Protein chains: 2
Amino acid sequence: MSSVIETDRHQAPLIIRINELDNVAIVANDGGLPAGTELADGPPLTEWVPQGHKVALQRIEAGEAVVRYGVAIGYARQPLAPGCWVHEGLLEMPASPQLDNLPMATTAPPDQPPLEGHTFMGYRNADGSVGTRNILGITTTVQCVASVLEHAVERIRREVLAAYPNVDDVVALNHTYGCGVAIDAPDAPIPIRTVRNLARNPNLGGQTMVVSLGCEKLQPDRLLSGEGFEQSDAEQWVVRLQEHQGFGEMLDAIVAMARQKLAVLNERRREPCPLSGLVVGVQCGGSDAFSGVTANPAIGHATDLLVRAGATVLFSEVTEVRDGIHLLTARAANRDVARQLIEQMAWYDDYLAGGGVDRSANTTPGNKRGGLSNIVEKALGSIVKSGTQPISGVIPPGERVRVAGLSFAATPASDFICGTLQLAAGMNVHMFSTGRGTPYGLAMAPVLKVATRNALAQSWHDLMDINAGQVAMGEASIEEVGRQMFESVIATASGRRTWTERWGLKNDLALFNPAPVT
Amino acid sequence: MSSVIETDRHQAPLIIRINELDNVAIVANDGGLPAGTELADGPPLTEWVPQGHKVALQRIEAGEAVVRYGVAIGYARQPLAPGCWVHEGLLEMPASPQLDNLPMATTAPPDQPPLEGHTFMGYRNADGSVGTRNILGITTTVQCVASVLEHAVERIRREVLAAYPNVDDVVALNHTYGCGVAIDAPDAPIPIRTVRNLARNPNLGGQTMVVSLGCEKLQPDRLLSGEGFEQSDAEQWVVRLQEHQGFGEMLDAIVAMARQKLAVLNERRREPCPLSGLVVGVQCGGSDAFSGVTANPAIGHATDLLVRAGATVLFSEVTEVRDGIHLLTARAANRDVARQLIEQMAWYDDYLAGGGVDRSANTTPGNKRGGLSNIVEKALGSIVKSGTQPISGVIPPGERVRVAGLSFAATPASDFICGTLQLAAGMNVHMFSTGRGTPYGLAMAPVLKVATRNALAQSWHDLMDINAGQVAMGEASIEEVGRQMFESVIATASGRRTWTERWGLKNDLALFNPAPVT
Ligand SMILES: [Ca+2]
Ligand SMILES: [Ca+2]
Ligand SMILES: [Ca+2]
Ligand SMILES: [Ca+2]
Ligand SMILES: [Ca+2]
């Protein structure tokens, strides 16, 4: 991808064209550009074009492809004059790529050497994973216990935590699963393994304890079974509320067990670790047309650097890659990975069809106001977060990452569901880009927030960690911002706090449960 | 229903038979009864029978019906000897009643006079509804704002609320809907109207304000449209986070608007109101075999008293009435109501089938350990909460109650989803029975918790408001406990605090979203 950015002066008319095949570019200036504006590299505007929206660089006939990222993002519904505003109403959306005739592992990997010698300061775990935070996790088998656990956590924070200064936080893994659900439904393994694997996140140090009610469907032995759990050991660390005499005793039991776990966690110390201990999840949310030209390409560059340095990177959001799946199957490291990508797309196609919708249900009013005409344009701007390295693995929703390098973690694009599933996959640092702005934060891992525009970075000055808006203004290159992200990930993994950590913005977990409730 | 309860002495063997047609009874004694136990009204036990479990009162041949509540709850898989333990492994479950040939409004209403002269002390609302609490509700269009709103609510509680002493609480109506969802899917109206109608709950006094992000799918004008909202007025009471300069300003904006709303709410006073202002939701959760013989029949008696006194009562839990639907269609006030009951059953049958399960997915390990063999037995014990009055209305999930008297609010049985939908329907007092025990509580309405057994009432002495276990021990009649519930509902509606209110146990809202996420 070559970027052509006109950047002489900040006030001068600026348009951004991503690929030389593109017959549209987007307007970069705050407030858009008025009719009659002369462009250095394009036709004069025939009408006002809002910021982030597309202008036709040449005449486009009715039925002809409107090309961005070098790809048809739609077909003109009427002839489009040079200099006109190419808004969503003028575009017919192309069909999704068929899944039965895709290029399989055909792209040669880029010729880039490994990056040697980088380390971060992390907490080594017994299972070989590495924590970037030192958190006591208290998980739950069922939603019924949530309010009791919240009181217990509040008491631990207020009365207990100060005695264990090496522990960063105590987090309740509350969720809405466990009972009142069809627990033997074909799709029930997704939420069950998600809850199980959340408890194994590297930032919880292998010391997660469990609060159970007693009569729920998701019994502790079912939650704690499977790979990675020593059954006999896990069973010791369960508080069952129905075995206790009233509310006061329940609280005491949880707090007493938490003290034992905190004592163990408090002995841990950060030590230098190779980047193979990093599991970085990348995501976008509240996207605009700049997401795909500033923040996401810079994240893509950071992804490449991280992968070359030995880290694991997870990209996700099925409905935002579906329309570019041909680009991903081509980049699969082998045909088996390509097939797994296709399997995940097919499952999601069916899931959406079962609910009477398709992938176009993804886009939001904010996306459209921000200049993203449809899911195809949004997808192309989302996929660039994955950089250019080969795709080495595919992680079905709720499962753990298995291979180093770049993996596709199949998740909904819904921000908190995606973040929750990436945490279950083992994520210990999150990088999240936003154009419209969201106060998104997680309790279990630090979130680096990336603004796609200068205006957002300025207005949300105390929520955005990185400003990729400089790219649009020519103040920094994609490579420079990507390098800055790489360094921020290492510093954050080593303990530097992000904005959402400073404010304590911790959104609840959000499970993906495609099965019925009862 | 006639109860035959053997109650000579507390230590004496006790079995409970509900209906004279029953060929099984359940063991009431703590710890169950050992082999060889002589019963006053039944055969000697051939084996140990746990508490709450069934004993065969006579020989039952293979294939013969096992009868409880006067209804076949299953068919014997092998010959059953008198005095044996009739556990779930010995029963073949009957099929659900077909929906196409049901009795329609055939039961004559009981010949009982209205109960005159009862009032409670409530907060009258402009729309004619009555609050039992005086709460500032802050609703949300999207999950993205939840963590910011939680900080704002914490600050309001800490710094602001004391200046408005007539206001009971401030509650964030956080939920997991609003974006990352298929908002135009056929089933999307369910979660959307639920969020809308939650904001109209009588306990929020018509003063609910809204926190929006800005770019979400569920825009404030979509959330706040429809019956009951003056669009022009509602629009003034929206804080959009994306319009504010950073986290500090967002908090300030929410707190400033909350002060205006609190000033209005603080002027409200309780006054005597007829019981037509009560909307009582009844539910059970964590059920055992005693639910259907102690707590639920007593709730049924309270339901009858409330309906006769002019109140509205909502019963719910589709999967727990499905197997007794023939009993409900017969009790419908007219054929139209019966048809609406059948529609809701058919919708849920389809919903479950779409996920590859059926209504038998309802029962839990706790239910079975507690003696409930299958969903048929559980359903018969659940339906008794509805008492004996005619069913006057049916409320589809997320809609508001429209008629006084007894209504079926169609909801999943899942405790928090049911409670959330009953709140959306307009519930201002909740009555909740539990046998195994759950710390269930809600933020928006008081919850009266009813224990089915003395042992639970004793062990959870600081969580259970009413003990129906006395019924099994012969210490009180169903009618006496039902009358006590009726009086407790009135006292609670008038301001008396329940146990979960005293502890501040407030579970999060749980939406019913049968549509896909994206
Ligand atoms: Ca995204
Ligand atoms: Ca997302
Ligand atoms: Ca919460
Ligand atoms: Ca129930
Ligand atoms: Ca329930």
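Keep in mind that this is a model prediction, so the values were computed, not measured. Positions within a chain are numbered from 1, following the residues in the order the chain's sequence is written. Chain labels run from A onward and ligand labels from 1 onward, assigned in the order the entries are written. Given that the model is predicted, a residue must reach a pLDDT of at least 70 before its local features are reported, and side-chain atom pairs must reach 80 or more before they are shown or counted; all residues, however, enter totals for whole chains, interfaces and linings. Neither water nor hydrogens contribute to the side-chain values; these are computed over all heavy atoms in the structure.

*Asks:* Just give me the short version of the sheet that holds strand 6 (residues 71–76) of chain B, but keep the residues and values in it.
*Replies:* Residue and element names in this part refer to chain B. Following DSSP output, two strands are said to pair if at least two bridges run between them. Helix and strand labels come from DSSP, where a helix needs a run of H or I of at least four residues and a strand needs a run of E of at least two; each type is numbered from the N terminus. Read across the open sheet, the 3 strands follow the order 5-6-7; overall the sheet is antiparallel. The open sheet is flanked by strand 5 (65–68) and strand 7 (91–92), the only strands paired with a single partner. Across 4 bridges, strand 5 lies against strand 6 in antiparallel orientation. Residue pairing across strands places Ala 65 opposite Tyr 75, the latter belonging to strand 6. Its contacts with the sheet place helix 10 (residues 375–383) against strand 5 and strand 6, and it is angled at close to 165 degrees to strand 6. For this analysis, residues touch if any pair of their heavy atoms sits within 4.5 Å. Lines fitted to C-alpha atoms define the axes here, with helix axes fitted over just the stretch in contact, and angles between the N-to-C directions of these axes take values from 0 to 180 degrees.

*Asks:* Report on the relation of the copies chain A and chain B, specifying residues and quantitative values.
*Replies:* Fitting of the copies onto one another was done by least squares over C-alpha atoms, counting residues only where both copies have pLDDT of at least 70. Screw-axis analysis of chain A against chain B gives a translation of 0.0 Å along the axis, an RMSD of 0.1 Å, and a rotation angle of 180 degrees. A rotation of that kind, with that shift, is consistent with a two-fold axis. Closest approach to the rotation axis within chain A is made by the C-alpha atom of Gly 354 of chain A, at a distance of 3.8 Å. Looking at chain A, 100% of its interface residues are interface residues in chain B too, so the copies touch through the same face.

*Asks:* So what's going on with the coordination of the calcium ion (ligand 4)? Residues and values would help.
*Replies:* Residue and element names in this part refer to chain B. Only N, O and S atoms count as donors, using a 2.8 Å cut-off from the metal and 3.2 Å for Na, K and Ca, and because water is excluded some sites may appear unfinished. Coordination sphere of the calcium ion (ligand 4), protein contribution only: Cys 284 (O), Cys 284 (SG), Glu 317 (OE), Glu 320 (OE) and Glu 320 (OE), at 2.3 to 2.7 Å. Taken as an interatomic distance, the gap from the calcium ion (ligand 4) to the calcium ion (ligand 5) is 3.3 Å; Cys 284 donates to each of them. Of this pair, Cys 284 sits in strand 15 (residues 279–284) while Glu 317 is found in the loop between strand 16 (312–315) and helix 7 (325–331), placing the two residues 33 residues apart along the sequence. Each member of the pair, Cys 284 as well as Glu 317, is classed as buried. Note on classification: 1.4 Å probe, protein chains only; a residue is buried when its accessible area is under 20% of the maximum for its type, exposed when over 50%, partly exposed between these limits.

*Asks:* Go over the pattern of salt bridges with me, naming the residues and quoting the values.
*Replies:* One side-chain nitrogen of Lys or Arg within 4 Å of one carboxyl oxygen of Asp or Glu is enough to make a salt bridge. One pass over the structure, following the stated rule, counts 42 salt bridges over all chains. Between Arg 359 of chain B and Asp 323 of chain B there is a salt bridge, with the nearest N and O atoms lying 2.7 Å from each other. Taken as a pair, Arg 359 of chain B in the loop between helix 8 (335–354) and helix 9 (365–369) and Asp 323 of chain B in the loop between strand 16 and helix 7 lie far apart in primary sequence, 36 residues in all. Across the pair, Asp 323 of chain B and Arg 359 of chain B agree in class, each one buried. Connected via shared salt-bridge partners are Lys 54, Arg 68 and Glu 377 of chain A.

*Asks:* Can you break down the sheet that holds strand 19 (residues 405–409) of chain A residue by residue, with the values?
*Replies:* Residues and elements named next belong to chain A. The strand order across the open sheet formed by 7 strands is 18-19-17-16-20-21-22, and the pairing between neighbours is parallel. If you trace the sheet from one side to the other, it starts and ends with strand 18 (391–395) and strand 22 (466–467), each paired once. Where strand 20 (residues 429–434) lies against strand 21 (residues 447–451), 5 bridges are found, and the strand directions are parallel. Counted as the bridge partner of Ser 433 is Val 450 from strand 21. Those strands touched by helix 8 (residues 335–354) are strand 18 and strand 19, and its axis lies near 35 degrees from that of strand 18.

*Asks:* Explain the coordination of the calcium ion (ligand 5) to me, using residue names and the numbers behind them.
*Replies:* Around the calcium ion (ligand 5), the protein contributes the donor atoms Gln 283 of chain B (OE1), Cys 284 of chain B (O), Glu 317 of chain B (OE), Ala 413 of chain B (O) and Asp 415 of chain B (OD), at 2.3 to 2.5 Å from the metal centre. Positions of the donor residues of the calcium ion (ligand 5), expressed as sequence spacing, correspond to Q-C-x32-E-x95-A-x1-D.

*Asks:* Would you mind going over the side chain of Glu 317 of chain B in detail, with residue names and values included?
*Replies:* Of the residues examined, Glu 317 of chain B reaches a relative accessible area of 0% and is grouped as buried. Apart from residues lying up to four places away in sequence, Glu 317 of chain B is in contact with Gln 283, Cys 284, Ser 382, Lys 385, Phe 408, Ala 409, Thr 411, Pro 412, Ala 413 and Cys 418 of chain B.

*Asks:* Please provide a residue-by-residue account of the side chain of Asn 134 of chain A, values included.
*Replies:* Residue and element names in this part refer to chain A. Relative to the helices and strands, Asn 134 is located in the loop between strand 10 (130–131) and strand 11 (135–140). Residue Asn 134 is classed as buried on the basis of its relative accessible area of 0%. Nitrogen and oxygen atoms within 3.5 Å of one another constitute a polar contact, given that in protein one can donate a hydrogen and the other can accept it, and given that sequence-neighbouring residues count only through two side-chain atoms. Here Asn 166 takes part through its backbone oxygen, which lies 2.8 Å from a polar atom of the side chain of Asn 134. Of the polar contacts made by the side chain of Asn 134, one reaches the backbone oxygen of Leu 265; its length is 3.0 Å. Every residue in contact with Asn 134, bar those within four places of it in the chain, is listed here: Tyr 123, Asn 166, Val 167, Asp 168, Asp 169, Asn 203, Leu 265 and Arg 268.

*Asks:* Give a detailed account of the packing of helix 6 (residues 291–308) of chain A against helix 14 (residues 478–493) of chain A, specifying residues and quantitative values.
*Replies:* Residues and elements named next belong to chain A. Helix 14 packs onto helix 6 with a crossing angle of 60 degrees between their chain directions and a minimal axis gap of 7 Å. Here helix 14 runs oblique to helix 6, going by the angle between their axes. At the point where helix 6 passes helix 14, the crossing takes the right-handed sense. Where helix 6 abuts helix 14, its residues Val 293, Ala 295, Pro 297, Ala 298, Ile 299, His 301, Ala 302, Leu 305 and Leu 306 lie against Ile 478, Glu 479, Val 481, Gly 482, Arg 483, Met 485, Phe 486 and Val 489. Residue composition of the contact of helix 6 with helix 14, grouped by class: 13 nonpolar, 2 polar and 2 charged. Oblique is the label for any angle not covered by the other classes, which are roughly parallel (under 35 degrees), roughly antiparallel (over 145) and roughly perpendicular (65 to 115). Working rule for handedness: look at the near helix, and if it is turned counterclockwise from the far one by less than a right angle, call the crossing left-handed; if clockwise, right-handed. Amino acids are sorted into nonpolar (Ala, Val, Leu, Ile, Met, Phe, Trp, Tyr, Cys and Pro), charged (Asp, Glu, Lys and Arg) and polar (every other residue, Gly among them).

*Asks:* Just give me the short version of helix 2 (residues 189–198) of chain A, but keep the residues and values in it.
*Replies:* All names here are of chain A. The buried fraction of helix 2 amounts to 9 of the 10 residues, a majority that puts the element mostly inside the structure. Within helix 2, the full set of buried residues consists of Ile 190, Pro 191, Ile 192, Arg 193, Thr 194, Val 195, Arg 196, Asn 197 and Leu 198. Where helix 2 is buried, its residues contact strand 11, strand 12 (169–173), helix 3 (220–223), helix 8 and helix 11 (415–425).

*Asks:* Any details on the packing of aromatic side chains? Residues and values, ideally.
*Replies:* Given two aromatic rings, one states the distance between the centres and the angle between the planes to describe the pair. Centres within 6.5 Å are what make two rings of Phe, Tyr or Trp a pair, Trp counting through its six-membered ring; a difference in plane orientation under 30 degrees is then read as stacked, over 60 as edge-to-face, and the rest as tilted. Here the structure, examined in full by the defined rule, presents 24 aromatic pairs over all chains. Ring plane angle 70 degrees and centroid distance 6.0 Å describe the contact between Trp 48 of chain A and Trp 85 of chain A, whose orientation is recorded as edge-to-face. One end of the pair, Trp 48 of chain A, is in the loop between strand 3 (24–27) and strand 4 (54–56); the other, Trp 85 of chain A, is in strand 7 (residues 85–86), and 37 residues separate them in sequence. Here the aromatic rings of Trp 347 of chain B and Tyr 351 of chain B are separated by 5.3 Å at their centres, their planes lie at 15 degrees, and the arrangement is stacked. Separated by 4 residues within a single helix, Trp 347 of chain B and Tyr 351 of chain B lie in helix 8, roughly one turn from each other. By relative accessible area, which is 16% here, Tyr 351 of chain B ends up buried.

*Asks:* Pulling in residues and values, what's your account of the interface of chain A and chain B?
*Replies:* On the side of chain B, 65 residues touch chain A, which itself brings 65 residues to the contact. Roughly 4,900 Å² of surface becomes buried between chain A and chain B when both sides are summed, with 61% attributable to carbon and sulfur atoms. Among the residues of chain A in contact with chain B, Phe 247, Val 517 and Thr 518 of chain A are the three that bury the most area, contributing 12% of the side total. Along the contact surface separating chain A from chain B lie 0 salt bridges. Our enumeration of links across chain A and chain B arrives at 34 residue pairs in polar contact (both at pLDDT 80 or more). For the side of chain A that touches chain B, the secondary structure elements donating two or more residues are helix 1 (146–160), helix 5 (246–265), helix 8, helix 9 (365–369) and helix 11 of chain A. Classifying every residue of the side of chain A that touches chain B gives 31 nonpolar, 27 polar and 7 charged. When two parts are put together, the accessible area they lose, computed with a 1.4 Å probe and summed over both, is reported as buried area.

*Asks:* Just give me the short version of the domain arrangement of chain A, but keep the residues and values in it.
*Replies:* Residue and element names in this part refer to chain A. Where each domain begins and ends follows an automated or database-derived domain assignment. Here chain A is described as being made up of domain 1 (1–95), domain 2 (121–265) and domain 3 (279–503). Taken residue by residue, the interface counts 28 residues in domain 1 and 27 residues in domain 3. Here domain 1 and domain 3 share an interface that buries about 2,100 Å² over both sides, 62% of which is from carbon and sulfur atoms. Along the contact surface separating domain 1 from domain 3 lie 3 salt bridges. A salt bridge links Lys 54 to Glu 377; its shortest N-O distance comes to 2.7 Å. For the interface between domain 1 and domain 3, the tally reads 9 residue pairs in polar contact (both at pLDDT 80 or more). Listing elements by their share of the side of domain 1 that touches domain 3, those giving two or more residues are strand 3 and strand 6 (71–76). At 3 residues, the largest contribution of residues to the side of domain 1 that touches domain 3 is made by strand 6. Here the residues of the side of domain 1 that touches domain 3 sort into 17 nonpolar, 7 polar and 4 charged.

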